[in-house]
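Listed below, chain by chain, are the residues.
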Amino acid sequence: MIETHSAAAPLASRAARETEPRAPGFQANQSLIIQVRGLGKTYQRARGALTLFEDLDLEVAAGEMVAIVGQSGAGKSTLLHILGALDTPSTGTVYCASTNVAKLTAKEAAAFRNREIGYVWQFHYLLPEFTALENVAMPLLARGTRKNEALGTAEQWLSEVGLVDRGDHRPGELSGGEQQRVALARALVCGPKLLLADEPTGDLDDGTAGKVFDLIERLHASHGLTSILVTHNMDLALRCGRTLRLGNGRLTESTDAEPKPLQTGV
Ligand SMILES: Nc1ncnc2c1ncn2[C@@H]1O[C@H](COP(=O)(O)OP(=O)(O)OP(=O)(O)O)[C@@H](O)[C@H]1O
Ligand SMILES: [Mg+2]
């Protein structure tokens, strides 16, 4: 996803947000990247309301790698979108990277995403008419970085994901695994703290999925990321430090076969 905004706006809006009153009873904790309290999400539709969850709590500490699993339709993507300021909660408080994301205007949310969050999706969403190098550079260009600098940084990121020799390939000239590696480079090129990945290996065969996951693990460790990955692959989920299961409107810790109640209050 390409954001189009200048880099100047976020600084002013961030200063304004830091003076915002916190939610009542909310204790900000700087070591936490995600602090969610009483999160509810209801979609209002002409044929009736659809409530996905009403009272979710979640805390994710800096440096954690967390998997979210659960049945199709449980609300995993919706939760990820809310955490990453792509959707808004119906109720509750959502702090992400010390920002009350539900309070952001659309423009602030776009700036927040460009600055703080790297997204990877099941489908790569690379722009087909641009080369791999240009695709990786795109978020930097969108924030106003000079073209030469943006292309230089993008080349370093292509090197990090092992694809520096594919920089002039268009997405259609890359394999599925290579496309996801380019998408990872694009997600991280602006230096976000948080990686949000929605079934990043869901469209790949098992062998390629494992290799892309290896890369995510390596980038997570080497760049000090906090990573939240939605997956249907339990083998990959169990490689994360922590696995959460979303189902029946509840979020439970699931470090073994039997889900148990989520612990909060770090
Ligand atoms: N904009 C919307 N309006 C109404 N309902 C929606 C909207 N977006 C999602 N939903 C519904 O919310 C439910 C949860 O969707 P979501 O995409 O979060 O599920 P998921 O857990 O990611 O599923 P999957 O594993 O299939 O990707 C689904 O039943 C979906 O139809
Ligand atoms: Mg989904």
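Residues numbered from 1 in each chain as written. Chains lettered and ligands numbered in written order. Predicted model: local features only at pLDDT ≥ 70, side-chain atom pairs only at ≥ 80, totals over all residues.

K.L.:
Lay out the overall build of the protein chain with the relevant residues and their values.
P.N.:
When helices and strands are counted, the protein chain shows eight helices and eleven strands. Burial analysis of the protein chain (266 residues in total) assigns 42% to the buried set. In the protein chain, once contacts between residues fewer than 6 apart in sequence are set aside, the share between residues at least 24 apart is 71%. (Helix = DSSP H or I, 4+ residues; strand = E, 2+ residues; numbered from the N terminus. Buried ≥ 20, exposed ≤ 12 C-beta atoms within 10 Å, placed from the backbone. Contact = placed C-beta atoms within 7 Å.)

K.L.:
Pulling in residues and values, what's your account of the site of ligand 1?
P.N.:
Neighbouring ligand 1 are the residues Tyr43, Arg45, Leu50, Leu52, Gly70, Ser72, Gly73, Ala74, Gly75, Lys76, Ser77 and Thr78. Secondary-structure elements contributing two or more residues to the shell around ligand 1 are strand E1 (32-45), strand E2 (48-61) and helix H2 (76-83). Here the shell around ligand 1 takes three residues from H2, the largest share from any one element. (Near = placed C-beta within 6 Å.)

K.L.:
Describe the confidence of the model for the protein chain, listing the residues and the values that go with them.
P.N.:
For the protein chain, per-residue confidence averages 87 on the pLDDT scale, and residues scoring 70 or more make up 85% of the total. Ranking the elements of the protein chain by mean pLDDT puts helix H1 (residues 8-18) last with 37 and helix H5 (residues 147-160) first with 98. Counting interchain partners and residues more than four positions distant, the pLDDT-below-50 stretch residues 1-21 has 30 contacts. Every residue in residues 257-266 is under pLDDT 50, and counting partners more than four places away or in other chains gives 17 contacts. (pLDDT = per-residue confidence, 0-100.)

K.L.:
Tell me about the packing of helix H6 (residues 176-188) against helix H7 (residues 206-222), and name the residues and values.
P.N.:
Direction vectors running N to C along H6 and H7 enclose 20°, while the axes themselves pass 10 Å from each other. Overall, the two elements H6 and H7 adopt an arrangement that is roughly parallel. The two elements H6 and H7 cross, and the hand of that crossing is right-handed. Note on element contacts: H7 touches H6 through Thr208, Lys211, Val212, Leu215, Ile216 and Leu219, opposite Gly176, Gly177, Gln180, Arg181, Leu184 and Leu188. When its residues are assigned to classes, the contact of H6 with H7 shows six nonpolar, four polar and two charged. (Axes fitted to C-alpha atoms, helices over the stretch in contact; angles between N-to-C directions. Parallel < 35°, antiparallel > 145°, perpendicular 65-115°, else oblique. Left-handed = near helix turned anticlockwise from the far one by under 90°. Nonpolar A, V, L, I, M, F, W, Y, C, P; charged D, E, K, R; others polar.)

K.L.:
Give a description of the sheet that holds E1 that names residues and reports values.
P.N.:
If you trace the four strands from one edge of the open sheet to the other, you get E2-E1-E4-E5, paired in antiparallel fashion. Edge positions in the sheet fall to E2 and strand E5 (99-100), since each has one partner strand and no second. Of the strand pairs in this sheet, E1 and strand E4 (residues 91-96) are connected by five bridges, and their pairing is antiparallel. Across the sheet, Val36 pairs through a bridge with Val94, a residue of E4. Its contacts with the sheet put H2 on E1, E2 and E4, and the angle it makes with E1 is roughly 120°. (Pairing = 2+ DSSP bridges.)

K.L.:
Break down unusual backbone geometry for me, with residues and values.
P.N.:
Backbone geometry places Ser98, a non-glycine residue, at a positive phi of 65°. With respect to the helices and strands, Ser98 occurs in the loop between E4 and E5. Overall, Ser98 belongs to the partly exposed group, with 16 C-beta atoms counted inside 10 Å. Look at Asn248: it is not a glycine, yet its phi comes out positive at around 50°. Along the chain, the position of Asn248 falls in the loop between strand E9 (242-247) and strand E10 (250-253). Classification of Asn248 by C-beta neighbours within 10 Å gives exposed; the count is 10.

K.L.:
Please provide a residue-by-residue account of the packing of helix H4 (residues 132-142) against H5, values included.
P.N.:
Where H4 meets H5, the axes come as close as 8 Å, and the angle between the chain directions of the two elements is 120°. Between H4 and H5, the angle is such that the two are oblique. Regarding H4 and H5, the two cross each other, and that crossing is right-handed. Contacts between H4 and H5 involve Ala132, Leu133, Val136, Ala137, Leu140 and Leu141 from the first element and Lys147, Ala150, Leu151, Thr153, Ala154, Glu155, Trp157 and Leu158 from the second. In the contact of H4 with H5, the residues fall into eleven nonpolar, one polar and two charged.

K.L.:
So what's going on with the nonpolar core? Residues and values would help.
P.N.:
Membership of the largest hydrophobic core comes to 74 residues, with the highest contact counts inside it found for Cys96 and Val136. Excluding residues that lie within four positions of it along the chain, Cys96 makes contacts with Ile33, Ile34, Leu83, Ala85, Val101 and Leu194. (Core = buried A, V, L, I, M, F, W, Y, C linked by C-beta atoms within 7 Å.)

K.L.:
How would you explain the pairing of strand E6 (residues 117-120) if you had to name every residue and give the values?
P.N.:
Across the two faces of E6 the burial is the same, with Ile117 and Tyr119 and Gly118 and Val120 all buried. As paired strands, E6 and strand E7 (residues 194-198) are joined by four bridges and run parallel to one another. In the sheet register, Val120 faces E7, and the bridge partner there is Ala197.

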